[in-house]
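# Descriptive analysis of the structure
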Amino acid sequence: MAADATATATTTTRPLKIIAGADDFGTPLKDALVSHLRSRNIQVQDLGTSSYYSAGAEVGRLVSESSSSSDVDVRGLVACGTGAGVSIFANKFPGVFAATCLTPADAINARSINNSNVLAVSGKSSSPESAIEIVDTWLKTPFKAPCPANDNKPWPEEIHSFLDNSLKEMPEIGKSGTVQDTCAVCCLVKNRELNPIDIIPGGSMKILRESPTSAFVRFKAGSVEPAHHHTFGHDLVVIEGKKSVWNLTKEERYDLTVGDYLFTPAGDVHRVKYYEDTEFFIKWDGHWDMFFDEDLETGKIAIEKELAKSN
């Protein structure tokens, strides 16, 4: 049965090799998936545990360096708390098409439309059982297969032609001499308008998906979020800029810049100061809510006092 499963999983005549890496939040899930893949006689190179940006970058680099004419079909598997951070840094390398998949439907879409060759999974959102279903679905789905994005119907001829051309054009993006976004999260909102956050001056947000919900958020330099809390915990990764978060419940301060990750538990009261124009990816469970524990001016005064003390 294992040999048959491997043949089905590869969807290619070439033998399959998976290069895997994760951070501390993603390692338990990565280890479960590595064991599952090896039980199916799929070759796995396990790079172990490092920071999410190092893990994503190393897997991305090795997949990028593997030639499309190689005798082996080399793909990547990366895991972190959200699956977003490792995907961002894997996508820094030409020819890498990393996709964060939280459901089997995500995996089918990523393979059918994007010919994804690196799968990113979430250690916080996916159980080992659901992640195994995701990775098996990702492995067995061929490029241009019917997928949920097209109501599970075959693609029409003009889309087939577009997808065929994409195989030639996509690997050129990111090569020397071209200037392109290789960040998977940034590409989601490129050329899309973000909506102002009316209750906080200087902020704007674009919801990317629902349940679990994720969004791309921007704040202008100098903006302040007064003390507030949510009914949900949220994970964020800074894409650009610099900010500080004061968790008043835990009496801790976090200074964040590009690539930094922070999880804030549900109910924790926190203030935020933006020193530069800042963009970040945020993910949470449930619908958006925000409960203020002070007004904006009180928050600004409190932050000024904190900064004066630290100087």
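First things first, this report covers the structure right here in the doc. Values in this document were obtained by computation on a predicted structure and should not be read as measured data.

### Overview of the overall build of the protein
Helix and strand counts for the protein come out as nine helices and 16 strands. Looking at the protein as a whole, 48% of its 311 residues qualify as buried. A fraction of 70% describes how many contacts in the protein between residues 6 or more apart in sequence connect residues 24 or more apart. Element-wise, carbon and sulfur atoms account for 51% of the exposed surface of the protein, whose accessible area totals about 14,800 Å².

### Some details on the sheet that holds strand β9 (residues 224–229)
Taking strand neighbours across the sheet as the criterion, the five strands line up as β12-β11-β14-β9-β16 in an open arrangement whose pairing is antiparallel. Sheet topology places β12 (252–257) and β16 (291–292) at the edges, where each strand pairs with a single neighbour. Inspection of the sheet shows β9 paired to β16 by two bridges, in the antiparallel sense. Looking across to β16, one finds that His229 is bridged to Phe291. Sheet strands in contact with helix α9 (residues 296–310) are β9, β11 (242–247), β12 and β14 (270–274), and its direction is about 105° off that of β9.

### Section: the sheet that holds strand β2 (residues 43–49)
Pairing within the open sheet is parallel, and its five strands lie in the order β2-β1-β3-β5-β4. With partners counted over all chains shown, the strands left at the sheet margins are β2 and β4 (98–100), one partner each. Strand after strand, the sheet turns through a mean of 20° between neighbouring axes, direction not considered. Inspection of the sheet shows strand β3 (residues 73–80) paired to strand β5 (residues 118–122) by five bridges, in the parallel sense. Bridge pairing in β5 places Gly76 opposite Val118. Lying over the sheet, helix α3 (residues 52–65) contacts β1 (16–22), β2, β3 and β5, oriented at roughly 175° with respect to β3. Against the sheet, helix α6 (residues 128–140) makes contact with β1, β3 and β5, and its axis sits at roughly 165° relative to β5, the strand it touches most.

### Points about the side chain of Ser122
Inspection of the secondary structure puts Ser122 in strand β5. The residues contacting Ser122, other than those within four sequence positions of it, are Leu29, Cys80, Gly81, Thr82, Gly83 and Leu102.

### What about the packing of helix α5 (residues 104–114) against α6?
For the pair α5 and α6, the least separation of the axes is 8 Å and the interaxial angle reads 20°. Taken together, the axes of α5 and α6 lie roughly parallel to each other. The handedness of the crossing between α5 and α6 comes out as right-handed. Where α5 approaches α6, its residues Pro104, Ala107, Ile108 and Arg111 are matched on the opposing element by Glu133, Ile134, Thr137 and Trp138.

### Some details on the nonpolar core
Residues Ile18, Leu37, Leu77, Leu119 and Leu139 are the most contacted members of the largest nonpolar core, which totals 23 residues. When contributions to this core are tallied by element, the ones reaching two or more residues are β1, α2 (27–39), β3, α5, β5 and α6. With five residues, α6 is the single largest residue contributor to this core. Sequence-distant contacts of Leu119, that is, excluding residues within four places in its chain, are made with Gly76, Leu77, Val78, Ala99, Cys101, Ile134, Val135 and Trp138.

### Notes on empty space enclosed by the protein
Per the counting criterion, the structure on display carries one cavity of 30 Å³ or more. Here the largest cavity is characterised by a volume of approximately 180 Å³. The wall of the largest cavity is formed by 21 residues, among which Glu225, Tyr274, Phe280, Ile282 and Trp288 lie closest to the centre. Looking at the lining of the largest cavity, the elements with two or more residues in it are β8 (213–219), β9, β10 (234–240), β11, β13 (261–264), β14 and β15 (278–284). Residue contributions to the lining of the largest cavity peak at three residues, all from β14.

### Structural notes on the environment of Glu294
Note that Glu294 resides in the loop between β16 and α9. Along the sequence, Glu294 and Glu225 sit 69 residues apart, while their C-alpha atoms lie 9.9 Å from each other. Beyond its immediate chain neighbours, meaning those up to four positions away, Glu294 contacts Pro226, Ala227, Arg271 and Gly299. Reaching out from Glu294, the side chain makes a polar contact with the backbone nitrogen of Ala227 at a distance of 2.8 Å. Of note is the side chain of Glu294, whose polar atom sits 2.6 Å from the side chain of Arg271.

Reading guide: rules and limits
Residues numbered from 1 in each chain as written. Predicted model: local features only at pLDDT ≥ 70, side-chain atom pairs only at ≥ 80, totals over all residues. Heavy atoms only, no water. Helix = DSSP H or I, 4+ residues; strand = E, 2+ residues; numbered from the N terminus. Buried < 20%, exposed > 50% of the residue type's maximum accessible area, 1.4 Å probe, protein only. Contact = heavy atoms within 4.5 Å. Areas by Shrake-Rupley, 256 points an atom, 1.4 Å probe, with all protein chains shown as cover. Pairing = 2+ DSSP bridges. Axes fitted to C-alpha atoms, helices over the stretch in contact; angles between N-to-C directions. Parallel < 35°, antiparallel > 145°, perpendicular 65-115°, else oblique. Left-handed = near helix turned anticlockwise from the far one by under 90°. Core = buried A, V, L, I, M, F, W, Y, C linked by side-chain atoms within 4.5 Å. 1 Å grid on protein atoms, 1.4 Å probe; cavity = no way out; pocket = protein on both sides within 12 Å on 5 of 7 lines; lining within 4 Å. Points joined across faces, edges and corners; volume = space filled by probe spheres on them. Polar contact = N/O pair within 3.5 Å; in protein donor to acceptor, adjacent residues only side chain to side chain.

Bear in mind that shape data such as this cannot, by itself, settle questions of function.
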